[in-house]
Amino acid sequence: MTQHKPPQAMTLFDLIARNWDLGCAVHAVQFNASGSALAAVLADGRLAFVSVKDAESPDSRVRIEADTGRASIRPRSKPLPPPVVSDAPVAQAQVLPCRLSAQGFAFAQAEDGTLWRATARGQTLAVNGTGDDPVTALAALPRARQIALAQGDRLTLMSEDGGAALTGLDLPHTVARIAVSGDENWLGCWGAGQVSILSRQDLAVQSTLACDGKVTEFTWSPCQRWLAAGCTDKSLLLVDARSGAADRIVDFPAPVHSVGFSEAGDALVASGAFRVVGWRLPDLPFGDHPGTPIETGKPGLTLVDRVAVHPSRDLCAVSYATGLVMLCRIAHPDEMLVREGTGAAVNAMAWSQDGAHLAIGGADGSLAIATFPANMFK
């Protein structure tokens, strides 16, 4: 007697996501400013580029049943176009890329660390006038149409059009991460165990503080008061820019790979524990003050590896070491399964600026863009 296995039911991720195998661990993902393209930095330094435009977007495949009003998404019927991948290592994986103008990206070149740009279609070329010193950190200032460029202890503000240097200064420490405040009036520069806070208008240093730990992700609060950073030594760094003081929250069960401020959720959230760690803004833990903790999602037996805060809703994407990805409402137990566990950890997640797309880069070389239908969060 012949036995036939029943076909596997399609998951939500199968229906809303595009998925590619790049054959090498994905180190970082970044949407461009216009939201038209996604760039991925692979662990070996190659770059991969994917068009965000989807000929079979989930919205185009949604069907509403006339009698019940129930919505369903039909499966894709056409193969996905492959990403454009550079033939050789192009970027230094340890220097995170940044957006450049509306369509492009800026990155540190693999061979000598000089500044290069990439188009949304994957063409790369050197940016002249930045000198021969290796780039150690990058950040975009889209409103000012500038980028902040660190070369060791030298910080330079450059025009995003042509790369002309506008102003610069030497800091008392090297710089490996740059954070730009939401209003672009302030810069936070971390490196060699120190953080400097600068005014963008004149690059005047407001304060330089000693900060232990190796920073992984570095970001400003919406109110421009707090700087938060996840650290590999299982700690969370907080800097109060107003008072010029720093503190560390220690004893996380795991390295804090990612942190994020949610303006819609009025909270700070972080990875590194058995549930999403968070506190209500502006009452963060500092010194002897415990702050106001919040509970997001449900506690489990698997460590939260990464979090990515939605740009406009009180939501955050949460990934676990198993490759499981959930969508959680900040300060609520609500959870929605986005992707089942794959057995491989997620190395990077990023939202597009409109909040419609979530990029997921895996340690197994997988790259995915999950596109959420417009009516999913209503």
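Residues numbered from 1 in each chain as written. Predicted model: local features only at pLDDT ≥ 70, side-chain atom pairs only at ≥ 80, totals over all residues. Heavy atoms only, no water.

Describing the overall build of the protein
Our working definition: Helix and strand assignments follow DSSP, with helices taken as H or I runs no shorter than four residues and strands as E runs no shorter than two, numbered in order from the N terminus. Here the radius of gyration uses the C-alpha set of atoms, whereas the globule reference equals 2.2 Å times the residue count to the power 0.38. Relative accessible area decides the class of each residue, using a 1.4 Å probe on protein chains only: under 20% of the type maximum gives buried, over 50% gives exposed, and in between gives partly exposed. Throughout, a contact is declared for two residues whenever any of their heavy atoms are within 4.5 Å.
The helix and strand inventory of the protein stands at one helix and 34 strands. Taking 21 Å as the expected radius of gyration for a compact globule of 378 residues, we find that the protein reaches 21 Å, a close match to that expectation. Considered along the principal axes of its C-alpha atoms, the protein spans approximately 75 × 50 × 40 Å. Buried residues in the protein amount to 50% of all 378 residues. A sequence separation of at least 24 residues applies to 45% of the contacts in the protein between residues at least 6 apart.

A look at unusual backbone geometry
The omega torsion of the bond from Leu281 to Pro282 falls at 0°, within 30 degrees of zero and hence cis. One non-glycine residue, Glu184, lies in the positive phi region at around 65°. Along the polypeptide, Glu184 turns up in the loop between strand E16 (177–180) and strand E17 (186–191). Residue Glu184 is classed as buried on the basis of its relative accessible area, which comes to 5%. Notably, Asp251 is not glycine yet its phi reads approximately 65°, a positive angle.

Points about the pattern of salt bridges
Here is the rule: Salt bridges, as used here, are contacts in which a Lys or Arg side-chain nitrogen is within 4 Å of a carboxyl oxygen on Asp or Glu.
Summed over all chains, the structure comprises 13 salt bridges. In this structure, Arg154 and Asp170 form a salt bridge, with 3.4 Å as the shortest nitrogen-oxygen distance. Of the two residues, Arg154 is situated in strand E14 (residues 154–159) and Asp170 in strand E15 (residues 165–170); the sequence distance between them amounts to 16 residues. Using a relative accessible area of 52% as the deciding quantity, one classes Asp170 as exposed. For the salt bridge of Asp305 with Arg306, the shortest nitrogen-to-oxygen distance reads 3.8 Å. When its relative accessible area of 14% is taken as the criterion, Arg306 is described as buried. The network of salt bridges with shared partners includes Arg18, Asp54 and Arg76.

Some details on the sheet that holds strand E25 (residues 267–270)
Test applied: Following DSSP output, two strands are said to pair if at least two bridges run between them. Inter-axis angles, ranging from 0 to 180 degrees, are taken between N-to-C directions of lines fitted to C-alpha atoms, where helices are fitted over the stretch in contact.
The four strands lie next to each other as E24-E25-E26-E27, forming an open sheet whose pairing is antiparallel. Unpaired on one side and paired on the other, strand E24 (259–262) and strand E27 (293–296) mark the two borders of the sheet. On average, each strand axis in the sheet is inclined to that of its neighbour by 25°, with strand direction left out of account. Pairing of E25 with strand E26 (residues 276–280) involves four bridges; the strand directions are antiparallel. In the strand pairing of E26, Leu268 is matched with Trp279.

A short note on the packing of aromatic side chains
Filter applied, for reference: Two rings from Phe, Tyr or Trp (for Trp, the six-membered ring) form a pair when their centres sit within 6.5 Å of each other. Planes less than 30 degrees apart are called stacked, planes more than 60 degrees apart edge-to-face, and all others tilted. Either the NZ atom of lysine or the CZ atom of arginine qualifies as a charge over a ring when it sits within 6 Å of the ring centre and within 35 degrees of the ring normal.
Taken as a whole, this structure holds three aromatic pairs when the rule is applied. A cation over a ring is seen here: Arg339 above Phe13, with NZ or CZ 5.7 Å from the ring centre.

Considerations on a negative patch on the surface
For clarity, the cut-off: Like-charged residues within 9 Å of one another, or nonpolar side chains (Val, Leu, Ile, Met, Phe, Trp, Tyr) within 5 Å, are grouped into patches, provided each residue has over 30% relative accessible area and no salt bridge. Here the open area of atoms and residues is found with the Shrake-Rupley method and a 1.4 Å probe, where only the protein chains shown may cover a residue. The positive count covers Lys and Arg only, the negative count covers Asp and Glu only, and His and the chain ends enter neither. Taken as the charge centre is NZ of Lys, CZ of Arg, CG of Asp or CD of Glu, depending on the residue.
Side chains of Glu111, Asp112, Asp132 and Asp133 sit close together on the surface and give a patch of like negative charge. Looking at where Asp133 falls in the secondary structure, it is placed in the loop between strand E11 (124–126) and strand E12 (137–141).

Describing the side chain of Gln30
As for its placement among the helices and strands, Gln30 is situated in strand E2 (residues 26–31). Residues within four places of Gln30 in sequence aside, it is in contact with Ala37, Leu38, Ala39, Pro97, Cys98, Arg99 and Phe105.

What to know about the sheet that holds strand E34 (residues 366–371)
Strand order in the open sheet made by the four strands is E1-E34-E33-E32, with antiparallel pairing throughout. With one partner strand each, in any of the chains shown, strand E1 (17–21) and strand E32 (346–351) form the two edges of the open sheet. This sheet shows a mean twist of 15° between the axes of neighbouring strands, independent of strand direction.

A look at the pairing of strand E31 (residues 335–339)
Taken together, the four bridges between strand E30 (residues 325–329) and E31 define a ladder with antiparallel strand orientation. Counterpart to Met326 in the pairing with E31 is Leu337.

What about the environment of Ser159?
For clarity, the cut-off: For the purposes of these results, a polar contact is taken to be a pair of N or O atoms within 3.5 Å, where, inside protein, one atom must be able to donate a hydrogen and its partner to accept one; residues adjacent in sequence count only when each atom of the pair is a side-chain atom.
Within the secondary structure, Ser159 sits in strand E14. Residue classification places Ser159 among the buried residues on the basis of a relative accessible area of 17%. It is 6.3 Å that separates the C-alpha atoms of Ser159 and Arg145, two residues lying 14 residues apart in sequence. There is a polar contact of 3.1 Å between the side chain of Ser159 and the backbone oxygen of Asp161.

Structural notes on the pairing of strand E28 (residues 304–309)
For E28, a buried count of six out of six residues is recorded, marking the element as mostly surrounded by other parts of the structure. Relative to strand E29 (residues 315–320), E28 runs antiparallel, the two being bridged by five bridges. Bridge pairing in E29 links Val307 to Val318. Hairpin connection of E28 to E29: five residues between the antiparallel strands.

Structural notes on the nonpolar core
Our working definition: Here the nonpolar core consists of buried residues drawn from Ala, Val, Leu, Ile, Met, Phe, Trp, Tyr and Cys, with membership extended through side-chain atoms lying within 4.5 Å.
Counting 20 residues, the largest nonpolar core has Met349, Leu358, Ile360 and Phe372 as the members making the most contacts within it. Among the elements of the structure, helix H1 (12–16), E29, E30, E32, strand E33 (357–362) and E34 are those that each provide at least two residues to this core. Once you skip the residues sitting within four places of it in the chain, Met349 turns out to touch Val29, Arg306, Val307, Ala308, Ala317, Val318, Ser319, Val325, Leu358, Ala359 and Ile360.

Some details on the state of the cysteines
The line we're drawing: By convention in this document, the label disulfide applies to cysteine sulfur atom pairs within 2.5 Å.
Counted by the stated rule, this structure contains zero disulfides. Cysteine Cys98 shares no disulfide, and the gap to the nearest cysteine sulfur, in Cys189, comes to 13 Å. As a non-bridged cysteine, Cys231 has Cys211 as the owner of its nearest cysteine sulfur, 8.4 Å distant.

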